[in-house]
Amino acid sequence: MIKIENLEKVYKTEEIETTALNGINMHVKTGEFVSIMGPSGCGKSTLLNVMGLLDKPESGSYKFLETELLTMNDKQRSNFRKQNMGFVFQNFNLIDELTVFENIELPLIYNKVPATERKRLVNEIIERMNIVNRSGHFPQQLSGGQQQRVAVARALVTKPKLVLADEPTGNLDSSHGNEVMELLCELNEQGTTIVMVTHSSHDASFSNRIINLKDGHVISEKINKSRTEELI
Amino acid sequence: MFKLNFKIALRNIWKNKTSSLINISGLAIGLAACLMLLLYVSYEWNFDKQSKDDANTYQVMMNHRGVDGQITETGQSTSNVIAPLFKQKYSWVKTSARLSWAAPYLVSANHIGFKKTGAFADPGILDIFNYTFIYGDERTALNAPNSVIITESTARLFFGTTDVLNKSIRFQNALDLKITGVIRDLPANMSRSFDYLMPWSFYESRFDWAKKPNWQNYSFTTLLKIDPQTNVDQINSSIKDLYLQNGLKLKVEPYLFRYSKLHLYGNFVNGISTGGSITQLRLFMGLAIGILLIACINFMNMATAKSEKRAKEVGIKKTIGATRSSLISQFLMESLVLTLLAAVFAVVLIEMCLPFFNHLLGIELGINYSGASIWLGLLAVVLVTGLIAGSYPAFYLSSFNPVQIFRKRSQSKGILSVSLRQVLVVGQFSFAVILIIATTVIYQQIQFIKNRPVGYQINNLVEMEQDGELYAKFELLRSKLLESGAVSSVLQSSTTITRELSSIARCAWPGSSEDDKLRNFNTIATTYGFVKTTGIKLLYGRDFSPKFASDTNGILISHSAMKVMNMKNPIGQVVFHDGDKAVIVGVFEDFILGSPFSTEKPLIIHFNKEWSGIVTMRLNPGHPAAENIAAIEKIVKQINPAYPVNVTFVDELYAKKLTEQRRLGILSNLFGGLAIFISCLGLFGLASYSAEQRTKEIGVRKVLGASVSSLMRLLSFSFLKMVGIAIIISIPVANYIMSNWLKSFEFHTSVNWVVILLAAAGTIGIALFTVSFQAYKAAKANPVEALKYE
């Protein structure tokens, strides 16, 4: 599904230049659940941002289902993003002024889905995420685990081909963290491709494949046999 | 999308109550002030535009040339021959009408009498002005000599109803006039206003001087409705020599001036309109826009200060697919919702303040809710305000890049945004400080003029109109008044001593030239007791006295008149005055007869028993004024029972001369205060956000041992710096503007530096108070709380 070649990204400030990505090559197959791990500053979040079209690399190639994305302009990128990708963040990033229902509905609005259809889709996902009795609440009124479930619901409501998760359990205690990981696994089993950045090897153990980064390079790749066999 | 944006807007307003309150109340006050000023501007703008055909309604003006051929005076009054002559002679005149100045006359009906303002006019006036007739025929109402048109409220006053056609009212207790028309009350912004209008033919039958054709009595207004095809400039050059063509060797030139322009462009220099109250109107427009801008700046500042909070929302929305334009429209929507809310409060505020405002300014403003124009105006102001206030935040906030926002928050504060915010605050305060300085200078100038010596003893001096029996029985009145002990002296005169009403030319004196005949002297006719009653200061000679029989031919002249006549020993000199020989019996020091803002014109006071109209009395200081007035009223009522008695204090009349300046003072005071208030509101909001943003820094500093006072200094300094810069900018600007304003007065004070320093100190003080409140709260907070946060 994804093919990345020689990706390079450099951050410049007035005094220093930091190379965040230094010739990354990787691929993700459709239906895969890939974890990206590595120490702080290794470039894993940058890689995720590039994959999510939030950031532009200096050079390299990024093909998504045979389409080259890096040559697109801002508008095309934005369109491609909202039609194909969903995001889950460490700090949930829900909009405080909107209710759970409205937060989940928001991407559908930007995708110009008609109102009745939106209502059906949101209700469907709310049910699936087991947050039916929370749909009228505001994010501040929910626990961290519930907030992250809303965030996952929002990422999935457009039925994206790819879900990008940036340390989805980072702000959660272990039991809520496990809940979210199980949720992601379930989604993956239903066919959604997931790329997740994480610090936690426990979380990574839920995925099919683990990519290790250091100083902007891929230093190792490990296939999680138990999960992969299940997949086959 | 619209619904959702609307929801976010409302929830944001609700969630950030303090900032919403500051925004809404600031905007509401700004909008209210702006709308109120705009109401005033539209009131003034529509002054005298009630003619049926405004564009073609002209007034005949008179340029009077003086000694050296220069136009010394542009008069609005013409002789009584002009209107009929023009109508007869020129084909471009469609309608012409003479109109007298309105004056109070006694009218009575149903055994009640009031002094109400009446005017006389040719029937043509009904074709020129658009009076709304409730009863009567507009075409014929002024045709019969003994007819009268009355206003609705005059009808109600006398009859309790407006259905009074063909009833009659009694004029000056002498003659019955038949009511041939009842019209709606005239709008307040109509300068030729009256309670009842009588036909010119009646005027002529009552007053011989109105009837007798006289080219040289410039006492009447001539209004014309002209053919739209005519070229007014051509007409003006063709009628310029009208007087010469008719064999009159006078240096007067008639010309046409657009009637509705007289109110705003009524100042003439050398025969050319040089403006007038339009200057003041422009000033108020500027004030209105300035105040609204200050409120808009508050909004922008608050919105960009909040940007850190909003950045997250922008980031998320952009990540899940929002375009920049959808975000811009969202933020604009927010500011429009807020402005709309503020507008509702503004209308409530205006309704609450209008009576007070009207009272202060002595005008009649109101909101006509059924009119489309007020709603369109309101909508336009709301839209413009909302867009101006919302545009900068919308473009600024929507430009955030999601990756930067999510990575680390601290970068979202660009150097440009901070400095722009500072520029806006500096601009706000500069404007406010200029207004404060302007206010104090205007106030000082008013005081300066007020403190100019009047030239007569103004306290305890009262006057009343000499009506009905008071002419014939003046001596009886005088003796009874003196007898009662209520007054210490009494005089009759042709005019009040608080206004320049009569002037005379063609005087001659020993050594005067032919050109000197063109000189104008103010003139007052009186009998005995002028100096004693008014308390003017005699320089040479004496007051008129019954002991000298020749005094009936005497005159008193002012010091400046003596200088004009170039006399060394004025007493006993003979002056040809009003066609008669008159002897100078005394010279007095100039007193303020007309405007206190300009030099006194030469004045001749002459003895004339026949020409009178005002009774002036000096109250006995031994009794309370109210008792004296009551005694006077009783005596007058006995002698002249048909007329109501109306005794006025001369110092009140004098105070009216300062009305316009006082009004300017009040307005700049009011709106200067508002400008400062709204600016401080904004500063308060900014300070609270800055304190909030720096919570962590303050916590760390406190843990490391910073004292409350050092933290307060830290937090307040950046704001006071901006106010300081504003003061430095505004002082020279204010000084320049106000020095120029002062120069427009003949007598003026100068800009006082102590006042400017006080204004600056006051502004700093208010700003310090505003900011330190927030700074203190932040500095006193428990550092543990601050550090736990995040």
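Residues numbered from 1 in each chain as written. Chains lettered and ligands numbered in written order. Predicted model: local features only at pLDDT ≥ 70, side-chain atom pairs only at ≥ 80, totals over all residues.

**Q** Mind showing me how you'd approach the sheet that holds strand β6 (residues 85-88) of chain A here?
**A** Backbone hydrogen bonds hold the strands of a sheet together, and the pairing may be parallel or antiparallel. Residue and element names in this part refer to chain A. The strand order across the open sheet built from six strands is β6-β7-β8-β3-β9-β10, with neighbouring strands paired in mixed fashion. Two strands in the sheet have a free side with no partner beyond their single neighbour: β6 and β10 (217-223). When the angles between neighbouring strand axes are averaged without regard to direction, this sheet yields 20°. Looking at chain direction, strand β7 (residues 162-166) and strand β8 (residues 193-197) are connected through five bridges and run parallel. Counterpart to leucine 164 in the pairing with β8 is valine 195. Seen against the sheet, helix α1 (residues 44-51) touches β3 (33-37), β7, β8 and β9 (209-214) and runs at an angle of roughly 150° to β8. (Pairing = 2+ DSSP bridges. Helix = DSSP H or I, 4+ residues; strand = E, 2+ residues; numbered from the N terminus. Axes fitted to C-alpha atoms, helices over the stretch in contact; angles between N-to-C directions. Contact = placed C-beta atoms within 7 Å.)

**Q** Just checking my understanding: could you explain the nonpolar core for this structure?
**A** Inside soluble globular proteins, nonpolar side chains tend to come together where they are buried. Counting residues in each nonpolar core, the largest one holds 88 residues, and the members touching the most others are Leu31(B), Ile291(B), Val433(B), Ile437(B) and Ala675(B). Elements with a contribution of two residues or more to this core: α2 (17-45), α10 (277-305), α12 (324-361), α13 (372-398), α15 (415-450), α21 (659-693), α23 (708-743) and α24 (753-780) of chain B. Residues within four places of Leu31(B) in sequence aside, it is in contact with Leu292(B), Ala342(B), Ala343(B), Ala346(B), Val381(B) and Thr385(B). Phe92(A), Val157(A), Ala311(B) and Leu327(B) belong to the second largest nonpolar core, which has 72 residues in total. (Core = buried A, V, L, I, M, F, W, Y, C linked by C-beta atoms within 7 Å. Buried ≥ 20, exposed ≤ 12 C-beta atoms within 10 Å, placed from the backbone.)

**Q** Sorry if this is basic, but what is going on with the UniProt feature "domain: MacB-like periplasmic core" (unreviewed entry) in chain B here?
**A** Residues and elements named next belong to chain B. The feature "domain: MacB-like periplasmic core" (unreviewed entry), as given by UniProt, occupies residues 20-241 and 496-634 in the numbering adopted here. Structurally, residues 20-241 comprises 29% helix and 32% strand, and the distance from its first C-alpha atom to its last is 68 Å. Annotation note: span residues 496-634, helix share 16%, strand share 29%, distance between end C-alpha atoms 22 Å. (UniProt positions renumbered as here; feature names shortened; annotations may be inferred.)

**Q** Would you mind showing me how to read the packing of helix α3 (residues 100-110) of chain A against helix α5 (residues 144-156) of chain A here?
**A** In a packed pair of helices, the relevant descriptors are the angle between the two axes and the axis-to-axis distance. All names here are of chain A. For the pair α3 and α5, the least separation of the axes is 7 Å and the interaxial angle reads 30°. The orientation of α3 relative to α5 falls into the category roughly parallel. Two packed elements cross with a definite hand, and for α3 against α5 that hand is right-handed. Each of Val100, Asn103, Ile104 and Pro107 in α3 lies in contact with α5, whose residues at this interface are Val150, Ala153 and Arg154. (Parallel < 35°, antiparallel > 145°, perpendicular 65-115°, else oblique. Left-handed = near helix turned anticlockwise from the far one by under 90°.)

**Q** Is there a simple way to think about the pairing of strand β16 (residues 487-493) of chain B in this case?
**A** Residues and elements named next belong to chain B. Taken across its seven residues, β16 has six buried, putting it largely inside the fold. Where β16 and strand β24 (residues 614-619) come together, six bridges link them in antiparallel fashion. Counterpart to valine 490 in the pairing with β24 is methionine 617.

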